[in-house]
Amino acid sequence: MTDCVGFDLCGLDFQAYALAMFRFIFLCFVCLTSSASAQVLLTSLDDVVQIEVREGWRDADGRHFAGLEVRLADGWKTYWRSPGASGIAPRVQWTGSGNVSAAVIHWPTPTPFLTAGYPSLGYTQDFVLPIELAPINPAAPIMLEAQIEIGICLDICLPAKVNVRAELPPIGQSDAAVVAALRDRPSAGRGQVRCSIRPSNSGVMLSADIPQVRALGGDEAVAVEILHAHDRIWVADTSVSREGRVLRTQTEFMRPDDAPVSLDRSGLRFTVVGREGAVEYFGCTGR
């Protein structure tokens, strides 16, 4: 869950955005040398990705649940809130919106895939991104304006910017697609993650044991995120191995200015993603 208060930038891994964008652009440059690039460059952005607002409804507590419906052309993919070291995290700005004091994006479970051979997490087909909005005046409509930046990939990768606007009524009707996407979020894991942190040549290395008893199927992936970070920190690709009822994962955290990296164990989120869903854990204890 990502909070965006006062229409600030919204998108997990915001602290790593600059480095991720650099790597993403490099991958785009490499992919653009492929034979498919000429055909794709002739395709308009609207033929590749379309985003529309689902108006949603307002509950008894005054919260408004809406959604961003993202439609992708066949074969195209886009990224989850924590896309992996080779991807680019989505960013959303609410500049221009009216009657909104805060917005929360609820991310549905992603799918693991490869971007130019690097592991990524994202969506490989159409999906709905639920948004929970807090209106200033619960009895009045919400004027929603969003500026969305996402990375989209086929044989090549392209940055996409899409602007959407909609008036959300103060009552509305429950939307089955938004409800289904809310139910598709990662579930809460049981047990406590145990981890160790040690200095590395570039920052700090994190090793963690996740008590994931039930395998989620396929090649399980783990995303490790820093919540509420104030400094830009880049997260390297995460290695994953299973030993019985425990998933072992390792990743490295680095800062673009080579400054020391400090991690708060309680401020980490671990999300295990597999073919059958996702489970998330908050914080870790020493091991």
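Heads up: the structure comes first, above all this text.
Everything numeric in this text was worked out from a predicted model, so none of it was measured.

**Q** Help me understand the pattern of salt bridges, please; the structure alone is not making it clear to me.
**A** Side chains bearing opposite charge may pair, as long as their charged atoms lie close to each other. Under the defined criterion, the tally for this structure stands at 17 salt bridges. Close ionic contact of R287 with D209 constitutes a salt bridge, the shortest N to O distance being 2.8 Å. Of this pair, R287 sits in the segment after β21 (284–286) while D209 sits in strand β14 (residues 203–210), and the two are 78 residues apart along the sequence. Taking relative accessible area as the criterion, R287 reaches 45% and is therefore assigned partly exposed. A relative accessible area of 16% means that D209 is categorised as buried.

**Q** Help me understand the state of the cysteines in this model?
**A** Counted by the stated rule, this structure contains two disulfides. Across the disulfide from C195 sits C284; the S-S distance is 2.1 Å. The disulfide joining C195 to C284 has a torsion of about 60° about its S-S bond and is therefore right-handed. Here the residue C195 occupies a position in strand β13 (residues 193–199), and C284 occupies one in strand β21, the gap between them amounting to 89 residues. Given a relative accessible area of 7%, C284 falls into the buried group.

**Q** Just to check I follow, could you spell out the sheet that holds strand β12 (residues 187–188) for this structure?
**A** The strands that make up a sheet are held in pairs by hydrogen bonds between backbone atoms, and each pair lies either parallel or antiparallel. Sheet architecture is open: four strands sit in the order β12-β20-β19-β15, paired in mixed fashion. Edge positions in the sheet fall to β12 and β15 (221–226), since each has one partner strand and no second. The sheet contact formed by strand β19 (residues 268–274) and strand β20 (residues 277–282) spans six bridges and is antiparallel. Along β20, the bridge assignment pairs V272 with V279.

**Q** Explain the pairing of β14 to me, please; I cannot follow it from the model alone.
**A** The side chains of a regular strand alternate between both faces of the sheet. Burial of β14 is extensive: eight of the eight residues sit out of reach of the surface. Relative to β14, β13 runs antiparallel, the two sharing six bridges. The residue of β14 that forms the bridge with R198 is M205. Linking two consecutive strands that pair antiparallel, namely β13 and β14, is a turn of three residues. Here β14 pairs with strand β18 (residues 246–254) via eight bridges, running antiparallel. Looking across to β18, one finds that D209 is bridged to R248.

**Q** Which parts of the structure should I look at to understand the environment of L68?
**A** Positionally, L68 belongs in strand β3 (residues 64–72). For the pair L68 and L129, spaced 61 residues apart in sequence, the C-alpha separation works out to 5.0 Å. Setting aside its immediate chain neighbours within four residues, L68 contacts I51, E52, V53, F127, V128, L129, I131, I148 and V164.

**Q** Explanation requested: helix α3 (residues 176–183) in the structure shown.
**A** Think of an α-helix as 3.6 residues a turn; residues three or four steps apart then line up on the same face. Among the residues of α3, those classed as buried are V178, V179, A181 and L182. Each buried residue of α3 sits inside an arc of 160° when the element is viewed along its axis, so together they form one side. Across from the buried face of α3, at angles greater than 90 degrees, the exposed residues are A176 and R183. Where the residues of α3 are buried, they touch β2 (49–58), β3 and β9 (127–134). Among the residues of α3, the N-terminal cap falls to D175, whose side-chain oxygen and the backbone nitrogen of A177 are separated by 2.9 Å.

**Q** Can you walk me through the pairing of β15 in this structure?
**A** By the criterion of burial, β15 is predominantly enclosed, with six of the six residues buried. Neither face of β15 is left uncovered, since the one carrying A221, A223 and E225 and the one carrying V222, V224 and I226 both have all their residues buried. Where β15 and β19 come together, six bridges link them in antiparallel fashion. Note that in β19 the partner of V222 across the bridge is V272.

**Q** Any chance you could explain the nonpolar core here in plain terms?
**A** Soluble globular proteins tend to pack their nonpolar side chains together in the buried interior. By size, the foremost hydrophobic cluster in this structure holds 37 residues, and its most contacted members are V49, I51, W94, L133, I148 and I152. Broken down by secondary-structure element, the contributors of at least two residues to this core are β2, β3, β6 (102–105), β8 (118–123), β9, β10 (142–153), β11 (157–168) and β15. Considering every element that reaches this core, the biggest residue donor is β10, with six residues. Once residues within four sequence positions are removed from consideration, V49 is found in contact with V70, R71, L72, I150, I152 and A160.

Criteria and cut-off values
Position labels on residues start from 1 in each chain and follow its written sequence. For this predicted model, a pLDDT threshold of at least 70 governs which residues receive local features, and a threshold of 80 or more governs which side-chain atom pairs are given and counted, while totals over whole chains, interfaces and linings are taken from all residues. With hydrogens and water set aside, each side-chain value is computed from the structure's full complement of heavy atoms. The rule for a salt bridge is simple: a side-chain nitrogen of Lys or Arg has to be within 4 Å of a carboxyl oxygen of Asp or Glu. Helix and strand definitions here come from DSSP, where helices need a minimum of 4 consecutive H or I residues and strands a minimum of 2 consecutive E residues; each element is numbered from the N-terminal end. The buried label applies to any residue whose accessible area, calculated with a 1.4 Å probe on protein chains only, is under 20% of its type's maximum; exposed applies above 50%, and partly exposed to all values in between. Throughout, disulfides are identified as pairs of cysteine sulfur atoms within 2.5 Å of each other. Paired strands are those between which DSSP finds at least two bridges. Contact criterion: two residues are considered in contact whenever any of their non-hydrogen atoms come within 4.5 Å of each other. Here the arc refers to the directions that run from the helix axis out to each C-beta atom. As used in this structure description, the phrase polar contact means that two N or O atoms lie within 3.5 Å; if the pair is within protein, one of them must be able to donate a hydrogen and the other to accept it, and residues adjacent in sequence are counted only when both atoms belong to side chains. For the purposes of this section, nonpolar cores are sets of buried Ala, Val, Leu, Ile, Met, Phe, Trp, Tyr and Cys residues that join through side-chain atoms within 4.5 Å.

Nothing here speaks to function; it is all geometry.
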